[in-house]
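A structural walkthrough
Read off the chains here:
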Amino acid sequence: MRADKMILQVKVYNSYYKTFEVGNVAILDGKFMYIGQRGLESFEVAEIVEGHGKYMIPGLIDIHLHIESTMVTPATFSYGLIRNGVTTIVPEPHEMANVFGLEGIQEMMEASKDCVADMFYSIPSSVPATPLETSGGEIDIPEIDALLQTGEMICLGEIMNYVDVIRNPDSKTNRILRHVREHYPELIIEGHTPKLLDLDLHQLIYAGIGSDHTHQSIEGMKARMAAGMFIEIQEKSMTPEVMDYLIQEDVAQHFCFVTDDVMPDSFVERGHLNHIVGKAIRMGMKPEDAIYAATYTPAGRMRMHDRGTIAPGKIADFVLLSDLGQFDVDQVYKDGNKVFDKFEEYHQGLMQHRFPDHFYQSVKLEPLTEQDFTVEMDVADGTHQCRIMMVKDGSTFTSEQIAPMQVEQGELIWEHGEHGLIATFERYGKNGNRAYGLIGGDTIKRGAVATTYSHDNHNLLVVGHNKQDMVLAANTVLSSQGGFCVVENGKLLSHLPLTVGGILTEGPLEMVAAQVKELRSAMLSLGYRHYNPIMSLSTHSLPVSPALKITDHGLIDVNAGKVVPLIVEPSKIQE
């Protein structure tokens, strides 16, 4: 019998029994054809691969992530995926959609077509995430229909505005959900349901939302699984309590591992989904179970029945490992062809100016001055109680605190005090909106940081303790058509240009990783105390992430789903 390739003497992972068995594997036309004890005596083979007793597992599958979170293009992202054993992903490009709408999604898909890793896109369902922000593009029912008619979309991406789903039957989100349920009843719908329980949770599930990838607690995870929801475990949910539950209980069919957001330096230094699997193993999960949660169950969730297991007729995507405990990737095969070998040189091919010209000219905001960071208040001079956005290490959630601030001659006196200023400026040339707030907690204590990499609207976001540094940081970002900049005492500490839509760079992964590492170090040097200061700051403008955030419309009470004033009326201050 003919075979294109045969891998001899490997420990083959069987997904159906979650066991390893020593044997041989034959591949024909890019698919697994035979797995068992028969060898060269039974096959006419074009290529023989000596397995040397290595472990052979299916290519890893990540069904919830955002390429834009790594700040690189799909080709660069694929380069990083493959060397980490990830052969299939389901990216949701809602960041690029917020900047360019339908065109942003289409161009990301086009840029993915020549990638080694398979990329099956999900439709961004929350662009913008709420009506309380200005974005560059919008995705609504006509855009969703247009994308579904291509036959290339695999699911409806995370429904982020859970407040509207619960409280506003006529909201855009509910209109989309009703349309999808009526016209595409089989379409998978992904969710974003932080902390919701009981009736609120069940309302979302009733609306068609079938998964959650947000930060899990034991209580929340049990409630979701008990109601039939599929759980996507990212690293921040891998607490000892959660992992012990997943290890001890018979819930393997109800969860998988995902990455969601991976920073470039982490991508290079720690890896991708393979890092999550390795960490699960080190936390006590059997390797067979951890592999299952990164191959078989994610494939099942997305109905990708042609992959996720080493079995006859399945796509021959697989990884060879010498050490299962360390989960160190030796070789990676895609469609039966070797695409990575850690013992051989592995180069990234770069493509410059891959996107349309206007993707490099998307920041339409004039340079700022110190006056732009003067906060005028229409209140009497004196002491006023103000809302403070409090940053806390360990989470991208913020909290609200009330603190006294001085107003003199109609101006809020914020410089050089305990709390910094946070400001956001609409960057698309649509309305010129801007908003101001105060910030404290585990954020910077001096200097300034500015970025257009601010989820999800990607307007210009600036945090600082003095006007001069804020102006320099902001204008440096504007001059490079987007990016990140950190400043202290008039000196640039770090600058990462993101010229594609203000959120991506076409630089090579290793170079971007070094720049992000420098950026992270610069933010920490200003007093930021957070496990991921870049993501923490970037989500200050995310109005679906609890509890007090800011957009160009103003300060947002996320749980109430409304704009709230900076100054709190005495009668509304809770005792």
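These lines cover the structure that appears in this document, whether it is placed above or below. (Residues numbered from 1 in each chain as written. Predicted model: local features only at pLDDT ≥ 70, side-chain atom pairs only at ≥ 80, totals over all residues. Heavy atoms only, no water.)

Bringing the overall build of the protein into the picture now. Secondary structure summary: the protein contains 16 helices and 29 strands in total. Relative to the globule expectation of 25 Å for 575 residues, the C-alpha radius of gyration of the protein, 25 Å, shows essentially globular dimensions. Expressed along its principal axes, the backbone C-alpha trace of the protein runs to roughly 90 × 50 × 45 Å. Of the contacts formed within the protein by residues at least 6 apart in sequence, a portion of 69% connects residues at least 24 apart. Only carbon and sulfur atoms are counted for the fraction: they give 49% of the accessible area of the protein, which is about 21,800 Å². (Helix = DSSP H or I, 4+ residues; strand = E, 2+ residues; numbered from the N terminus. Rg over C-alpha atoms; globule rule 2.2 N^0.38 Å. Contact = heavy atoms within 4.5 Å. Areas by Shrake-Rupley, 256 points an atom, 1.4 Å probe, with all protein chains shown as cover.)

Next up on the list: the packing of aromatic side chains. Tallied over the full model, the rule gives 16 aromatic pairs. Consider the rings of Y34 and F43, whose centres lie 5.5 Å apart with planes at 40°: the pair is tilted. Of the two residues, Y34 and F43, neither departs from the other in class, the shared state being buried. Seen from the ring of Y55, K11 lies directly overhead, with NZ or CZ sitting 4.6 Å from the centre. For the cation-ring pair, K18 lies above Y292, with the distance from its terminal atom to the ring centre recorded as 4.6 Å. (Phe/Tyr/Trp six-rings, centres within 6.5 Å; stacked < 30°, edge-to-face > 60°. Buried < 20%, exposed > 50% of the residue type's maximum accessible area, 1.4 Å probe, protein only. Lys NZ or Arg CZ within 6 Å of the ring centre and 35° of its normal.)

A word on the environment of D317. Among the structural elements, D317 can be located in the loop between α13 (296–301) and β15 (318–321). Considered as a pair, D317 and K334 are 17 residues apart in the sequence and their alpha carbons are 4.5 Å apart. The contact partners of D317, leaving out residues within four places of it in the chain, are F32, I57, P58, G59, T87, T88, D118, R307, Y333, K334 and D335. One polar contact links the side chain of D317 to the main-chain amide nitrogen of D335, over a distance of 2.9 Å. (Polar contact = N/O pair within 3.5 Å; in protein donor to acceptor, adjacent residues only side chain to side chain.)

Taken in spatial order, the three strands make up an open sheet running β27-β28-β29, and their pairing is antiparallel. Whereas interior strands pair on both sides, the edge strands pair on one side only; in this sheet they are β27 (548–551) and β29 (562–564). Strand-to-strand, the axes of this sheet are offset by a mean angle of 45°, without reference to chain direction. (Pairing = 2+ DSSP bridges. Axes fitted to C-alpha atoms, helices over the stretch in contact; angles between N-to-C directions.)

Across the sheet, three strands lie side by side as β12-β13-β14; this open sheet has parallel pairing. Each edge of the open sheet carries a strand with a single partner, namely β12 (211–212) and β14 (255–257). For strand β13 (residues 230–233) and β14, the ladder comprises three bridges, and the chain directions are parallel. What sits directly across from I231, in β14, is F255.

At their nearest, the axes of helix α4 (residues 141–148) and helix α6 (residues 172–183) sit 10 Å apart, and the two run at 35° to each other. Two packed elements cross with a definite hand, and for α4 against α6 that hand is right-handed. Mapping the contact onto sequence places I141, I144 and D145 in α4 and R175, I176 and H179 in α6. Residue classes in the contact of α4 with α6 are distributed as three nonpolar, one polar and two charged. (Left-handed = near helix turned anticlockwise from the far one by under 90°. Nonpolar A, V, L, I, M, F, W, Y, C, P; charged D, E, K, R; others polar.)

With that settled, consider unusual backbone geometry. What is expected of a backbone is that most residues other than glycine have negative phi and most peptide bonds are trans. The step from H455 to D456 runs through a cis peptide bond, and the omega angle for that step is -15°. Residue placement: D456 occurs in the loop between β23 (448–451) and β24 (460–464). Residue P546 is joined to A547 through a cis peptide bond whose omega torsion reads 0°. In this fold, A547 is placed in the loop between α16 (533–538) and β27. One non-glycine residue with positive phi stands out, namely N489, at about 50°. Inspection of the secondary structure puts N489 in the loop between β25 (483–488) and β26 (491–497).

A word on the side chain of E288. Assignment of secondary structure puts E288 in helix α12 (residues 287–292). This buried residue, E288, is left without a salt bridge; K286 holds the nearest opposite charge, at 5.0 Å. Non-local contacts of E288, meaning those with residues more than four positions away in its chain, are made with Y13, K18, T19 and F20. (Lys, Arg positive; Asp, Glu negative; His and termini not counted. Salt bridge = Lys/Arg side-chain N within 4 Å of Asp/Glu carboxyl O.)

Let's shift gears to helix α14 (residues 467–479). Given a rise of 1.5 Å per residue, 13 residues ought to cover 18 Å, and the 18 Å separating the end C-alpha atoms of α14 matches this to within 8%. Considered for burial, the residues of α14 that qualify are K467, D469, M470, V471, A473, A474, T476, V477 and L478. Considering only its buried residues, α14 is in contact with β20 (411–413), β21 (420–425), β23, β24, β25 and β26. Just beyond α14, the residue with positive phi is Q481, at close to 60°. (Expected span 1.5 Å × (residues − 1).)

Another point: the packing of helix α3 (residues 102–112) against α4. At a minimum axis separation of 10 Å, α3 and α4 run at an interaxial angle of 20°. Considered as vectors, α3 and α4 are oriented roughly parallel to each other. Crossing geometry of α3 relative to α4 is assigned as right-handed. Across from L102, I105 and M109 in α3, the residues of α4 making contact are E143, A146 and L147. Among the residues forming the contact of α3 with α4, the class breakdown is five nonpolar, no polar and one charged. (Parallel < 35°, antiparallel > 145°, perpendicular 65-115°, else oblique.)

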